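Inside the fold
The residues making up each chain are set out below.
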Amino acid sequence: EMQMKLFHRTEPTSIQAYREITKDLKGLHRKVMSYMAVVRDATNSEISQSLGIKISTVTPRTNEIWKMGRVDKSEPRLCEITGRKCVTYVVAEGR
């Protein structure tokens, strides 16, 4: 099982959500969605830091996952890594 540093509280149904959200994904898409399944929302920098993946690798993956309709862009908030206001990603409704 992958290890990740969580910057947010996990939701009670995170294991069930994880299985549903990641069942047909592979590689980095699966890794990013696995992280998203257990956090409320996350910025690219938070995902990068938590998973130990370069930001230059995470950003295109979140954009691809967004284009797939798997995540939605949410209201910008202060990033816990950069301290700047950043777009956050949340798992899309119905996922």
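Now for a description of the structure that goes with this document. Please read all numbers here as calculations on a predicted model, not as lab measurements.

Quick notes on the rules
- Residues numbered from 1 in each chain as written.
- Predicted model: local features only at pLDDT ≥ 70, side-chain atom pairs only at ≥ 80, totals over all residues.
- Heavy atoms only, no water.
- Salt bridge = Lys/Arg side-chain N within 4 Å of Asp/Glu carboxyl O.
- Helix = DSSP H or I, 4+ residues; strand = E, 2+ residues; numbered from the N terminus.
- Buried < 20%, exposed > 50% of the residue type's maximum accessible area, 1.4 Å probe, protein only.
- Pairing = 2+ DSSP bridges.
- Core = buried A, V, L, I, M, F, W, Y, C linked by side-chain atoms within 4.5 Å.
- Contact = heavy atoms within 4.5 Å.
- Axes fitted to C-alpha atoms, helices over the stretch in contact; angles between N-to-C directions.
- Parallel < 35°, antiparallel > 145°, perpendicular 65-115°, else oblique.
- Nonpolar A, V, L, I, M, F, W, Y, C, P; charged D, E, K, R; others polar.

Attention shifts here to the pattern of salt bridges. For the coordinates displayed, the defined rule picks out 3 salt bridges. Put simply, Arg 77 and Asp 41 hold a salt bridge, and the shortest N to O gap is 3.2 Å. With a gap of 36 residues between them, Arg 77 in strand β1 (residues 71–78) and Asp 41 in the loop between α2 (27–38) and α3 (44–51) connect regions that are remote in the sequence. Between Glu 64 and Arg 61 there is a salt bridge, with its nearest N and O atoms 2.9 Å apart. Of this pair, Glu 64 and Arg 61 are both found in helix α4 (residues 55–67), 3 residues apart, which corresponds to roughly one turn of the helix. Its relative accessible area of 30% is what places Glu 64 among the partly exposed residues. Connected through salt bridges with shared partners, the residues Asp 41, Glu 46 and Arg 77 form a single ionic network.

Our next topic: the pairing of strand β2 (residues 85–91). Relative to β2, β1 is paired through 6 bridges, and the arrangement is antiparallel. Bridging across to β2, Val 71 finds its partner in Val 91. Following β1, the chain reverses through 6 residues before pairing antiparallel with β2; Gly 83 in that reversal takes a positive phi of roughly 75°.

Judged by nonpolar contacts, the single largest core of 14 residues is most densely connected at Val 32, Tyr 35, Met 36, Val 39, Ala 42, Ile 47 and Leu 51. Those elements that provide at least two residues to this core are α2, α3 and α4. Sorting elements by how many residues they give to this core places α2 first, with 5 residues. When sequence neighbours within four positions are dropped, the list of residues in contact with Met 36 reads Ala 42, Ile 47, Tyr 89, Val 90 and Val 91.

Time to look at the packing of α2 against α3. Relative to each other, α2 and α3 sit at 105°, their axes nearing to 11 Å. Classified by the angle between their axes, α2 and α3 sit roughly perpendicular to one another. Contacts between α2 and α3 involve Lys 31, Val 32, Tyr 35 and Met 36 from the former and Glu 46, Ile 47, Ser 50 and Leu 51 from the latter. Within the contact of α2 with α3, the residues separate by chemical class into 5 nonpolar, 1 polar and 2 charged.

Further remarks concern the packing of α2 against α4. Where α2 contacts α4, the two axes come as close as 10 Å, and the packing angle between them is 85°. With respect to α4, the axis of α2 lies roughly perpendicular. The residues of α4 that touch α2, namely those facing Leu 28, His 29, Val 32 and Met 33, are Thr 57, Arg 61, Thr 62, Glu 64 and Ile 65. Among the residues forming the contact of α2 with α4, the class breakdown is 4 nonpolar, 3 polar and 2 charged.

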